[in-house]
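Examining the three-dimensional arrangement
This is what each chain is made of:
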Amino acid sequence: MAEVLEAVPSLALVPVHYYLGLLYTNFTLLWAPLASLLATHGSGLPSSTFWPVFLAKLQAAGRDVQEQMVELQEGRQEGRRTDHINYRNQLWGLMASFPAVAEARNRDLVPLFLDTFMQGEYVTIRKLSDDTKAEGKKSENGQMTAVVKSTVKSLLSHLGVLVNFKDLKSLYRGAEVRELVYSLLSHKLAPVQKVSLQILAAYKLKFLLPYKENLFRLLEEKDFKAELLAFPLAGEDSPVKAEHREELLPVILRILYGRMRSVKSGKKAGGKAQVS
């Protein structure tokens, strides 16, 4: 069998195509074993064999989601049996199982994240959500309601890929990614703040690493008050070194601002799904 696969490499991709197709199936019990099988192929096959197939699926999924965004903007509510957003999110989530392959191909992934998702889909959904709120009415478009609720999950699936990269300083368009992640520290939802902080910590920034655990405790409800009191920024007893304070303080303020937004938003929305 090994000789056959070496002679005809495309045969090794037959199960990959099959498993990727099955992920469209709206049967959640299938997803975990399929993800495991795809992860095995992603880490076991040569990158030059596996990646073109996987990337093509990622790009196609992105185009399908973009088409769905156009429908929403035009007020069309078409009966979709395929959840393109969930499929796209699953593909991004899969890359946590073969992070070395994904990182080596980050020039393919970063534009999909920054341009297709953040500047396209994310902005569109925020605008649609804000317009609905401004009109002071509940959306009657079931598709839009479902999309808005899935937005944070979509954001986390994209950010979750970056967390596993080993050399973020060499990332394609790295300055843009870092600036975006930095801005997401003030997101109103703690899971987004946490993964954003994880990514910043992965940059191994000298001003941040000594205080990483303190910063994460600020994002834990049970530790927040105690950590805020025990983490003075000035004075002789401050654990923060003077040379770190200028860059560390904005990070802390963004985290605290996000926590404030969370409390305010929670009171207004009564626990409903949030976009930004």
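Keep in mind the model is a prediction, meaning the values are calculated, not measured. (Residues numbered from 1 in each chain as written. Predicted model: local features only at pLDDT ≥ 70, side-chain atom pairs only at ≥ 80, totals over all residues. Heavy atoms only, no water.)

**Things to note about the overall build of the chain**
For the chain, the helix and strand inventory stands at 13 helices and zero strands. Secondary structure of the chain in N-to-C order comes out as α-α-α-α-α-α-α-α-α-α-α-α-α. Summing over all exposed atoms, the chain offers an accessible surface of approximately 15000 Å²; the carbon and sulfur share of this is 55%. (Helix = DSSP H or I, 4+ residues; strand = E, 2+ residues; numbered from the N terminus. Areas by Shrake-Rupley, 256 points an atom, 1.4 Å probe, with all protein chains shown as cover.)

**Some thoughts on helix 3 (residues 28-44)**
The terminal C-alpha atoms of helix 3 lie 25 Å apart, and with 17 residues this matches the ideal 24 Å at 1.5 Å per residue to within 8%. For helix 3, the full list of buried residues reads Trp31, Leu34, Leu38, Ala39, His41 and Gly42. (Expected span 1.5 Å × (residues − 1). Buried < 20%, exposed > 50% of the residue type's maximum accessible area, 1.4 Å probe, protein only.)

**Some thoughts on the pattern of salt bridges**
Tallying each qualifying case throughout the model produces seven salt bridges. When salt bridges that share partners are traced, they join Asp115, Arg173 and Glu176 into one network. (Salt bridge = Lys/Arg side-chain N within 4 Å of Asp/Glu carboxyl O.)

**Looking at the environment of Leu180**
Along the chain, Leu180 turns up in helix 9 (residues 174-183). Once the C-alpha coordinates of Leu180 and Leu114 are considered, the two residues, 66 residues apart in sequence, prove to be 8.8 Å apart.

**Notes on the nonpolar core**
Side chains that are nonpolar tend, in soluble globular proteins, to be buried together. Ranked by internal contacts, the top residues of the largest apolar core, which has 70 residues, are Phe54, Met95 and Leu215. Top contributing element to this core by residue count: helix 7 (residues 106-134), with eight residues. In this view, Met95 contacts Trp51, Phe54, Leu58, Ala102, Leu109 and Val161; residues no more than four positions away in its chain are not counted. In terms of nonpolar packing, the next biggest core, distinct from the first, is built from nine residues, Val65, Met69, Ile125 and Val147 among them. (Core = buried A, V, L, I, M, F, W, Y, C linked by side-chain atoms within 4.5 Å. Contact = heavy atoms within 4.5 Å.)

**A short note on the side chain of Thr151**
Structurally, the position occupied by Thr151 is in helix 8 (residues 142-163). Here Thr151 falls in the buried class, since its relative accessible area comes to 1%. Here the side chain of Thr151 touches Val148 through a polar contact of 3.1 Å, landing on its backbone oxygen. (Polar contact = N/O pair within 3.5 Å; in protein donor to acceptor, adjacent residues only side chain to side chain.)

**Observations concerning the packing of aromatic side chains**
Scanning all chains against the criterion turns up seven aromatic pairs. The interplanar angle of 80° and the centroid separation of 5.3 Å between the aromatic rings of Phe50 and Phe98 together place this pair among those described as edge-to-face. A residue pair is termed long-range when its members are at least 10 positions apart, and Phe50 in helix 4 (residues 47-73) and Phe98 in the loop between helix 5 (84-94) and helix 6 (99-104) qualify at 48 residues. Per residue, the accessibility class of Phe50 equals that of Phe98, and both read buried. Among the aromatic residues, ring-to-ring pairing joins Phe50, Trp51, Phe54 and Phe98 into one connected group. Across the ring face of Tyr203, the terminal group of Arg178 is positioned such that the distance to the ring centre comes to 5.7 Å. The residue whose ring lies beneath Arg259 is Phe224, and the NZ or CZ to ring-centre distance is 4.4 Å. (Phe/Tyr/Trp six-rings, centres within 6.5 Å; stacked < 30°, edge-to-face > 60°. Lys NZ or Arg CZ within 6 Å of the ring centre and 35° of its normal.)

**Comments concerning helix 10 (residues 190-202)**
End to end, helix 10 covers 18 Å across 13 residues, agreeing with the expected 18 Å (1.5 Å per residue, within 8%). Of all the positions in helix 10, only Val192, Gln193, Val195, Ser196, Leu197, Ile199, Leu200, Ala201 and Ala202 are classed as buried. Following helix 10 by one or two positions, Lys204 has its phi on the positive side, about 55°.

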